[in-house]
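Architecture at a glance
These are the residues of each chain, in order.
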Amino acid sequence: MSSPETRGVAPDLAVVAAMRSGDQSAMAELYDRYSGIVYAVALRVLGDTGAAEDVLQEIFLQLWRNPGAFDAARGSLGAWLAVIARNRAIDSLRRRRPETDIEDVVLAVAPDLASEADRSRAAEKVRGVLGAMPPPQRSVLEMAYFEGMSHSEIATKTGEPLGTIKTRIRAGLMALRKAFATQYST
Amino acid sequence: MSVHEQFAEDLALYALNALTGEDRVTLEQHLAACPACRRELEQLRADGALLALSTVGPKPPQRSRQRLMDAVAKETRMPVALSTRPRRSMWGFLGWAAAAAVIVFAASLWKENAALKRDVSSIHGLLDRQTAELEQARGVVDSITNPEGQHFTLVALKAPPQPQGKAIYVPKRGSLIFIANNLPKLPSQKTYELWLIPEQGAPIPAGLFKPDAHGSATVINPPLPAATIAKAFAMTVEDEAGASSPTMPIVMMSTGE
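On a predicted model such as this, the values are computed, not experimentally measured, just so you know.

Our focus in this paragraph is the overall build of chain A. A tally of regular secondary structure across chain A gives eight helices and zero strands. Out of the 186 residues in chain A, the part that is buried amounts to 48%. Residue pairs in contact within chain A that sit at least 24 positions apart in sequence constitute 68% of those at least 6 positions apart.

See the structure below:
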């Protein structure tokens, strides 16, 4: 069921279908919807506007070249693009070849982000969950996600045992899942 | 089937690409054989995706949009109606590797081997037929949607070209191909929207589209609820984002099958 704010917003899949048929205006529509998320994630990881713009360009151009890479089975388009942006930015940060093919990124469920209102609501909710976490747990989660650090690198940096790092990361992800569980089930 | 608890924490790290060393190797071996843990991995990746949504920052500069659209314009590609490329997956690859090992073992048993050969031959035959059918279908769709395709509309002599649309709809598959010609141009903030009029209930959105410079447009397989019987198809003019119910007037309507 669409919310009052999302009424009148074409579903992502409809826009992707138009893009598949070669419609450049559909590509522009997807860019307008999701470039903000993609750029914000890339900038957060890379801390450099030029490098973040490169990631932004690469991801949307890849979507245009290979629109079949996304379908409904991969979760919501916004979340899917955000994950690819994060993965590409980490690869760029670590100056390594891309480790994950976009076609291997599958998300079980994720919030619909087609409208600006959806995106703001989801972002606010996530920030609320992160804000409620104990600082060491949030910090570990952010080191893994936004800095691309492995659990052993985090353990070395924080001086915490490996087991503690693992437990904190899983507990952090579970807290996020719990916060969105009601939304997924409706 | 539930997630194996001994891998629960490693799965969370793996979902963020934060698991390294022997733990990673061990987990990947387990994932290759455990569908429940693979599903949990997808769920954990979705949980991780929520972290990405927490980011705030400036919007990308306007030049980025222009840069992308310039690149897109240069890369005119053939329209893609369906994704025909099999999804590649490491787990799928490992599954095939295991299947190959089983086939090698079975080859030592003559009877089973003979049966397998018949099966393989049958599958090859089926695959060949399906490949040929797929190629034919792709050729049809390519011809319909090719931007360089010449569209001719035959009308009574001395009659000006009239806007017209043709919808080919297979309810069982939810498959719809819509081709329109001679459509009037629209203001920049407007779009055409196609509607499936079901036998019962409200009209269902069946795709947004804008005609090209020649007034031609296509809609290929928009998302539609399965097995909906169509009474008719209709077209309206809507704001660019589309609408959830048609805005009057209806500019075109089907006249029957």
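We are not done yet, so read on.
The subject of this paragraph is the overall build of chain B. Along its length, chain B carries six helices and seven strands. Listing the helices and strands of chain B from first to last along the sequence gives α-α-α-α-α-α-β-β-β-β-β-β-β. Of all 257 residues assigned to chain B, the portion counted as buried reaches 26%. Within chain B, contacts between residues separated by at least 24 positions form 59% of all contacts whose residues are at least 6 apart in sequence.

Residue and element names in this part refer to chain B. Sheet architecture is open: four strands sit in the order β4-β3-β6-β7, paired in antiparallel fashion. Two strands bound the open sheet, and with one partner strand each, they are β4 (204–209) and β7 (250–253). Looking at each pair of strands side by side, their axes are set apart by 25° on average, direction ignored. With four bridges connecting them, strand β3 (residues 190–198) and β4 associate as antiparallel partners. Its bridge partner being in β4, L196 is matched across the sheet by I204.

So, on to the sheet that holds strand β2 (residues 175–181) of chain B. Residue and element names in this part refer to chain B. Spatial strand order, β1-β2-β5: three strands in an open sheet with antiparallel pairing. Either end of the sheet is taken by a strand with one partner, and the two such strands are β1 (164–170) and β5 (217–220). On average, adjacent strands in this sheet sit at an angle of 5° to one another, irrespective of strand direction. Note: β2 against β5, four bridges, orientation antiparallel. By the bridge assignment for β5, F178 is matched with V219.

A few words on unusual backbone geometry. Residue and element names in this part refer to chain B. Along the chain, M248 connects to P249 via a cis peptide bond; the corresponding omega equals 0°. Along the chain, the position of P249 falls in the loop between β6 (230–239) and β7. For N182, which is not glycine, the phi dihedral falls at a positive 60°. Within the secondary structure, N182 sits in the loop between β2 and β3. The phi dihedral of N221 is positive, around 45°, even though this residue is not glycine. If you trace the backbone, N221 turns up in the loop between β5 and β6.

Below, the discussion takes up the interface of chain B and chain A. Taken together, the contact pairs 61 residues of chain B with 71 residues of chain A. Secondary structure elements with two or more residues in the side of chain B that touches chain A: α1 (8–15), α3 (35–53), α4 (62–74), β4 and β5 of chain B. Element by element, the count of residues in the side of chain B that touches chain A is highest for α3(B), at 13 residues. Partitioned by chemical class, the residues of the side of chain B that touches chain A number 31 nonpolar, 16 polar and 14 charged.

In terms of burial, helix α1 (residues 12–20) of chain A is a largely internal element, eight of the nine residues being buried. Listing the buried residues of α1(A) in full gives A:D12, A:A14, A:V15, A:V16, A:A17, A:A18, A:M19 and A:R20. In this structure, the buried side of α1(A) is in contact with α2 (24–46) and α4 (77–93) of chain A together with β4 and β5 of chain B.

This brings us to the confidence of the model for chain B. Residues and elements named next belong to chain B. Summary statistics for chain B give a mean pLDDT of 78 and a share of 73% for residues scoring 70 or more. When mean pLDDT is taken per element in chain B, α1 scores highest with 93 and helix α5 (residues 90–106) scores lowest with 45. For the stretch residues 96–111, pLDDT sits under 50, and the model shows five contacts to residues farther than four places along the chain or on other chains. Model confidence for the complex is summarised by a pTM of 0.55, with the ipTM given as 0.81.

Here β4(B) lies mainly inside the structure; five of its six residues are buried. The turn linking β3(B) back onto β4(B) is made up of five residues, and B:G201 within it adopts a positive phi angle of 95°.

The geometry of α4(A) relative to α3(B) is characterised by a closest axis approach of 9 Å and an angle of 80° between their N-to-C directions. Classified by the angle between their axes, α4(A) and α3(B) sit roughly perpendicular to one another. In this structure, α4(A) contributes A:A79, A:A82, A:V83 and A:R86 to the contact, and α3(B) contributes B:R45, B:A46, B:A49, B:A52 and B:L53. Split by residue class, the contact of α4(A) with α3(B) holds seven nonpolar, no polar and two charged.

Residue and element names in this part refer to chain B. Within the secondary structure, T236 sits in strand β6. By C-beta crowding, T236 is classed as buried, having 22 other C-beta atoms within 10 Å. Once the C-alpha coordinates of T236 and P249 are considered, the two residues, 13 residues apart in sequence, prove to be 6.7 Å apart. Among residues more than four places away in sequence, those in contact with T236 are E193, W195, P246, T247, I250 and V251.

Moving on, we come to the confidence of the model for chain A. Interpreting fine coordinate detail is not advised for predicted regions of low pLDDT. Scored by pLDDT, chain A has a mean of 82; 80% of the residues are at 70 or more. Across residues 1–7 of chain A, where pLDDT falls below 50, the model places 10 contacts with residues more than four positions away in sequence or in other chains.

Conventions adopted
Residues numbered from 1 in each chain as written. Chains lettered and ligands numbered in written order. Predicted model: local features only at pLDDT ≥ 70, side-chain atom pairs only at ≥ 80, totals over all residues. Helix = DSSP H or I, 4+ residues; strand = E, 2+ residues; numbered from the N terminus. Buried ≥ 20, exposed ≤ 12 C-beta atoms within 10 Å, placed from the backbone. Contact = placed C-beta atoms within 7 Å. Pairing = 2+ DSSP bridges. Axes fitted to C-alpha atoms, helices over the stretch in contact; angles between N-to-C directions. Nonpolar A, V, L, I, M, F, W, Y, C, P; charged D, E, K, R; others polar. pLDDT = per-residue confidence, 0-100. Parallel < 35°, antiparallel > 145°, perpendicular 65-115°, else oblique.

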